[in-house]
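# Remarks on the overall topology
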Amino acid sequence: MEERVVSLYPKKKKGILRLLFSRTMFMVLAVVLQVALYVLILMAFANFAAWFTAAMYIASFILIIYLINSRMDSTAKMTWIFFMGIFPLGACLFYFFTQTSLGHRKLKEGVEKQVNATRTLLPQDQEVLKELEHTGADDLCRYMNRSGCFPIYKNCEVTYFPLGEDKFKAMLEELEKAEKFIFMEYFIVGEGYMWGRILDVLERKARAGVTVRVMYDGMCEISLLPHDYPKRMQTLGIECRSYAPLQPFVSTHYNYRDHRKILVIDGKVAFNGGVNLADEYINRIDRFGHWKDTAVCIKGEAAQSFTLMFLQMWNVTDSDLKYEDYLPATEPLPVKAAGYVMPYGDEPLDEDKVGEMVYMDILNRSRSYVHIMTPYLILDGELLCALKFAAERGVDVKIILPGIPDKTVAYALAKTHYASLLDSGVQIYEYTPGFVHAKVFVCDDERAVVGTINLDYRSLYHHFECATYMYKTDCIADIETDFRDTLSKCMKVTRETMKKDKLKYKIIGPFAKILAPLM
């Protein structure tokens, strides 16, 4: 059968005129004008020099006291206090704006409404929790359910994919089996071979009566997709939304991106991991050398948790989907499999940093080893201490990072942690063939996490994320095997290799650390 690649947005030649008259440029101009207006207002106040200076220092002093006593991460506190020392009133006003922004409040209220309405939608099987007593997985499940509805399941089959190409092939096969609904939520969707092949299946399924809904992050509109792409999708019978598309207004809610990667089919099969829907993720095109990414496919009751996460995000801005139409799944896929699976999500608008806590729980319970793959290493104090402490008590802690970075500043920031980690016995490796985009923790042949959560501030504090926690599932052996295979293609970082780092990284890293909580 001939492959069909669907395209709704033919590639056009990029040029300066096209950029100047684009919607993105209009958005940028509108935001710049609003910022300029705020600056002019501040300058007008400067005419009252004595009063202005007094107000400036009083405001910054009060806010610093407030920050010191707040629950904010200590590194973020330092960043705010640094800027208050240089731009007292401007920093104070900006902080006030971030906490009171209408967009921020509206988003927070919308998320809380969806989470609170669905806390008991997927009840936890208490027998499963009893089976897990004294393993740590039961305690972690109880913690998770403080911030949402994340049951832990048994008898769920989990398949691990060590490359995006493997996930892509399996996705196409499972999409062809869809009978009732297909839900897709991805951070990046880019037209090309991968998305075109998927779109072909989605179009055929939609015309056959399957409900197909697609959601992608609004940042795609900057360079990947046009603003009217959801309308173009509707011509294929597909319901489509972009999350938090850019608008010509200054708002802090743009800081909270939907970084999740979810595919759910009929509430029975789900995919999760680091692989987005663009050609670099399957090495169809070369951007930063070989693209190393990972994913998992879950079959069984646990797939329902991803259905719930999708519906929550879809309903945040417009509650047009009824949960009871899709949950619980009327006929969950009957599966017999070893181990336990707990899909979970994290959102940036509550005080529970679920993604970071899961990683720290694994590090603190580890006895023999913790092996990690991550594209970024921008750590707060708590996670840095957990990594160091695990290594210092004899655990084999290894981290694989990219050998070819996608972001110069983020790469330089990662290198600022190398010396401290190496001194504690953490082993660091760089993937010489290219870029590691995988987000993987595997520990003691017992526990593993595969998902979307990077070891950086954006993932741990500012993004909507999701992942799959596994305890004693059969695929954990495959994850560890893949880690070791990837390790064989890496360069080990030592004090000697650090001396050979490019000068730009040595200069950029320490200065960029001031802005680490924003990275």
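For the structure itself, look to the data block above.
Counting from 1, residues in each chain are numbered in the order their sequence is written. Local features in a predicted model are, by the rule used here, given only for residues with pLDDT of at least 70; side-chain atom pairs are given and counted only at 80 or more, and totals for whole chains, interfaces and linings are based on all residues. Water and hydrogen atoms were dropped before computing side-chain values, which therefore reflect all heavy atoms in the structure.

### Overview of the sheet that holds strand 9 (residues 295–299)
The condition that has to hold: Only when DSSP finds a minimum of two bridges between them are two strands counted as paired. Here a helix means four or more residues in a row that DSSP labels H or I, a strand means two or more in a row labelled E, and each is numbered from the N terminus. Helix axes use the C-alpha atoms of the stretch in contact, all axes being lines fitted to C-alpha atoms, and the angles between their N-to-C directions lie in the range 0 to 180 degrees.
Spatially, seven strands are ordered 2-9-7-6-3-4-5 in an open sheet, and the strand pairing comes out mixed. The outermost strands of the open sheet, each flanked by one partner alone, are strand 2 (157–161) and strand 5 (239–243). Across this sheet, the average inter-strand angle for adjacent strands is 10°, counted without regard to direction. Pairing between strand 2 and strand 9: five bridges, direction antiparallel.

### Digging into the sheet that holds strand 17 (residues 465–471)
Within a sheet, each strand pairs with its neighbour through backbone hydrogen bonds, oriented either parallel or antiparallel. Across the sheet, nine strands lie side by side as 1-10-17-16-15-11-12-13-18; this open sheet has mixed pairing. Each edge of the open sheet carries a strand with a single partner, namely strand 1 (153–154) and strand 18 (490–492). Relative to strand 16 (residues 447–451), strand 15 (residues 440–443) runs antiparallel, the two being bridged by four bridges. Within strand 16, the position partnered with Cys443 by the bridge is Arg447.

### Let's talk about the pattern of salt bridges
Between side chains of opposite charge, a pair can form as their charged atoms come close. Cut-off, in case you're wondering: A carboxyl oxygen of Asp or Glu within 4 Å of a side-chain nitrogen of Lys or Arg is what we treat as a salt bridge. Using a 1.4 Å probe on the protein chains alone, a residue whose accessible area is under 20% of its type maximum counts as buried, one over 50% counts as exposed, and one in between counts as partly exposed.
Taken as a whole and judged by the stated rule, the model has 29 salt bridges. Ionic pairing is found between Lys398 and Asp396, a salt bridge with its closest N-O pair at 2.8 Å. By relative accessible area, Lys398 is classed as buried at 12%. Residue Asp396 is classed as partly exposed on the basis of its relative accessible area, which comes to 22%. One continuous salt-bridge network, built from bridges that share partners, spans Arg4, Glu176, Asp200, Glu203, Arg204 and Arg207.

### Structural notes on the nonpolar core
For soluble globular proteins, nonpolar side chains are generally found buried alongside one another. Heads up, the rule is: Nine residue types can take part in a nonpolar core, namely buried Ala, Val, Leu, Ile, Met, Phe, Trp, Tyr and Cys, and a core is a set of them joined through side-chain atoms within 4.5 Å.
Residues Met184, Trp195, Ile198, Leu199, Leu202, Tyr344 and Tyr469 are the most contacted members of the largest nonpolar core, which totals 106 residues. Among the elements that make up this core, the one with the highest residue count is helix 10 (residues 193–207) (eight residues). Tyr160, Met215, Tyr243 and Met313 belong to the second-largest nonpolar core, a separate cluster that totals 56 residues.

### Description of the environment of Asp423
Considering the arrangement of structural elements, one finds Asp423 in helix 17 (residues 418–424). Residues Asp423 and Glu392 lie 31 residues apart in sequence; the distance between their C-alpha atoms is 9.2 Å.

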